[in-house]
Amino acid sequence: MTALTISTSSAATLRADAVVIGVAKGDKGPVVTPGAEAVDKAFDGKLAAVLETLGASGGEGEVTKLHAPSGLKAPVVLAVGLGEAPAKGDGFGAETLRRAAGSAARALAGSKKGAFALPVGSAEDAAAVAEGALLGAYAFNAYRTSGGANSKAGGKKKDDKKAPLAEVTLLGGKPRDKAFKAAVERATALAAEVHRARDLINTPSNDLTPKSFAAATQAAAKEFGLKAEVMDEKALTKGGYGGLMGVGQGSANPPRLVRLAWTHPKAKKTVALVGKGITYDSGGISLKPAGHNETMKCDMSGAAAVFATVVAAARLGLQVNVTGWLALAENMPSGTATRPGDVLSMYGGKTVEVLNTDAEGRLVLADAITRACEEKPDTIVDVATLTGAMVLALGNRTFGIMANDEAYRTAIHEIADEVGEQSWPMPMPAELRKGMDSPVADIANMGERMGGGLVAGLFLKEFVADGITWAHLDIAGPAFHEGAPYGYTPKGGTGSSVRTLVRLIERTAAGDLA
Ligand code: BES
Ligand code: MN
Ligand code: ZN
């Protein structure tokens, strides 16, 4: 990953390939933001005027590259737009800084070292710049051959094919300040774990199978002092995990259930995180048509987020127990696949009539949720690319939050806001439950089409043990980004929900959450 250093040097004297400064929208044209004083001085105080001449407005995400004047060590100045200048005394806000730093880092792909002289008034601001820059400095080049990330041809490639910016130097903070140091260290660990999730999501399904995914958790467990337990198809059959086995039985790559645990000797709370890990969702016998299956390697994004969050808990040494449950299976059609109309006997004994094999996520999650509840965690949060209906409702950048506890749902929504992830609380209308009544089994895996995302949530709720606070995040929209990159969000796997989950367990550790 990109290296992060902090420096007390002046932006004028630091050796770097580019100095990043901020430009905001002022009343009378672009204004240069605090942190850029030394750079402005090298332009004889005319930097804002120069930027205006070049057509810069200071709009969010706008990037303007300038040849540096002789007074600067770096050959390039990169001005990144921060949007409307805040009222006097106010800062720009963490998400604005994060996105601006991300846009700048992306624009510097292929370069070695970028010095970030953005407006940082607090440790929190510095962390936002660090996080944004590191998250923006991402590329998934594992499958490129000729002219790969580090080839000489790198300079002529499109930004997303170049090697990411190799080194970020943060200017303007207080390197000796404890809060500053801690905030920047946290940002580094967090970015590394978001990248872990992104890499897994981007890895094609021919390489990322339930088995190889489980092996990756075992390797990380060794590295970070976690406990990983993997149940293979034999153990799952023996244990009665009908959901996982039913979904996975059509595939040549059999399912796995991973329990990945971080424990702290002084922990007062235990959070269980359950992730949907469908390494490929073809739909099964209820096959998805072309146009709906090209990105379905992303259907394990929930499990990737859970995996990354448990490792983050270890990296940060959080005083809370976090148990990750990864429900891994591949949903394929074949002569051994579950048929529409089949009845599965789930872990714990409930029976489910499978009306649509493409509603597979809820089946693997139901097994994992039931199993997770046996350990009586204080709270349980599942994360899943569960329904297209949630994407229709909330769009591509916002995940839905459902819960059996309104305060918990609200808390998660606020936490997501805080870390810069868009989310929205969704209801669980009780009348939608009867649509899942089955003539042969306890419940069917499909109900009314209207409110499909809520129906899926209601299905999962049936498997949560009484008395356990539970929330469900449907990240089907934001998990995989198909549009042009923006801010710190790349094309492909985004790592959606990792930052929310990490903050959630931090808050649980601090004792200010259920
Ligand atoms: N993995 C899909 C949901 C999905 C859709 C994720 C788009 C990411 C982007 C899920 O397994 C699925 O197929 N859901 C069905 C459920 C339906 C058959 C009840 C859906 O949403 O259409
Ligand atoms: Mn599906
Ligand atoms: Zn799916």
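Up top is the structure these notes are about.
Residues numbered from 1 in each chain as written. Chains lettered and ligands numbered in written order. Predicted model: local features only at pLDDT ≥ 70, side-chain atom pairs only at ≥ 80, totals over all residues. Heavy atoms only, no water.

Looking only at helices and strands, the chain features 14 helices and 20 strands. Its C-alpha radius of gyration of 24 Å places the chain within 12% of the 24 Å reference for a compact globule of 514 residues. Principal axes of the C-alpha set define a box for the chain whose edges measure 80 × 50 × 45 Å. Counting contacts in the chain only where the partners sit at least 6 residues apart, residues at least 24 apart contribute 75% of the total. Taking the 56 positively charged and 55 negatively charged side chains of the chain as two groups, their mean positions are separated by 7 Å. (Helix = DSSP H or I, 4+ residues; strand = E, 2+ residues; numbered from the N terminus. Rg over C-alpha atoms; globule rule 2.2 N^0.38 Å. Contact = heavy atoms within 4.5 Å. Lys, Arg positive; Asp, Glu negative; His and termini not counted. Charge placed at Lys NZ, Arg CZ, Asp CG, Glu CD.)

Contacts to ligand 1 come from 16 residues, most closely from K288, D299, D358, E360 and G388. A distance of 3.5 Å is found between a nitrogen atom of ligand 1 and a backbone nitrogen or oxygen belonging to L386. In isolation ligand 1 offers 520 Å² of accessible surface; the protein chains occlude 76% of this area. (Near = heavy atom within 4 Å. Polar contact = N/O pair within 3.5 Å; in protein donor to acceptor, adjacent residues only side chain to side chain. Areas by Shrake-Rupley, 256 points an atom, 1.4 Å probe, with all protein chains shown as cover.)

Those protein atoms acting as donors to the manganese ion (ligand 2) are D281 (OD), D358 (O), D358 (OD) and E360 (OE), and they sit at 2.1 to 2.2 Å. In this structure, the manganese ion (ligand 2) is coordinated by six donor atoms arranged in irregular fashion, with angles at the metal of 70 to 170°. Expressed as a motif, the donor residue spacing for the manganese ion (ligand 2) is D-x76-D-x1-E. Between the manganese ion (ligand 2) and the zinc ion (ligand 3), the interatomic distance is 3.1 Å, and D281 donates to each metal, bridging them. With a gap of 77 residues between them, D281 in strand β10 (residues 270–281) and D358 in the loop between β13 (351–353) and α10 (361–374) connect regions that are remote in the sequence. With a relative accessible area of 3%, D281 lands in the buried category. On the basis of relative accessible area, D358 is assigned to the partly exposed category, the value being 22%. (Donors = N, O, S within 2.8 Å, 3.2 Å for Na, K, Ca; no water. Tetrahedral: all angles 85-135°; square planar, octahedral: opposite > 155°, others 65-115°. Buried < 20%, exposed > 50% of the residue type's maximum accessible area, 1.4 Å probe, protein only.)

Next up on the list: the sheet that holds β13. Overall, mixed pairing links the three strands, which are arranged β12-β13-β17 in an open sheet. In this open sheet, the two edge strands, each paired with only one partner strand, are β12 (343–345) and β17 (443–444). Alignment of β12 against β13, held across three bridges, turns out to be antiparallel. Among the inter-strand pairings, V343 is bridged to a residue of β13, identified as E353. (Pairing = 2+ DSSP bridges.)

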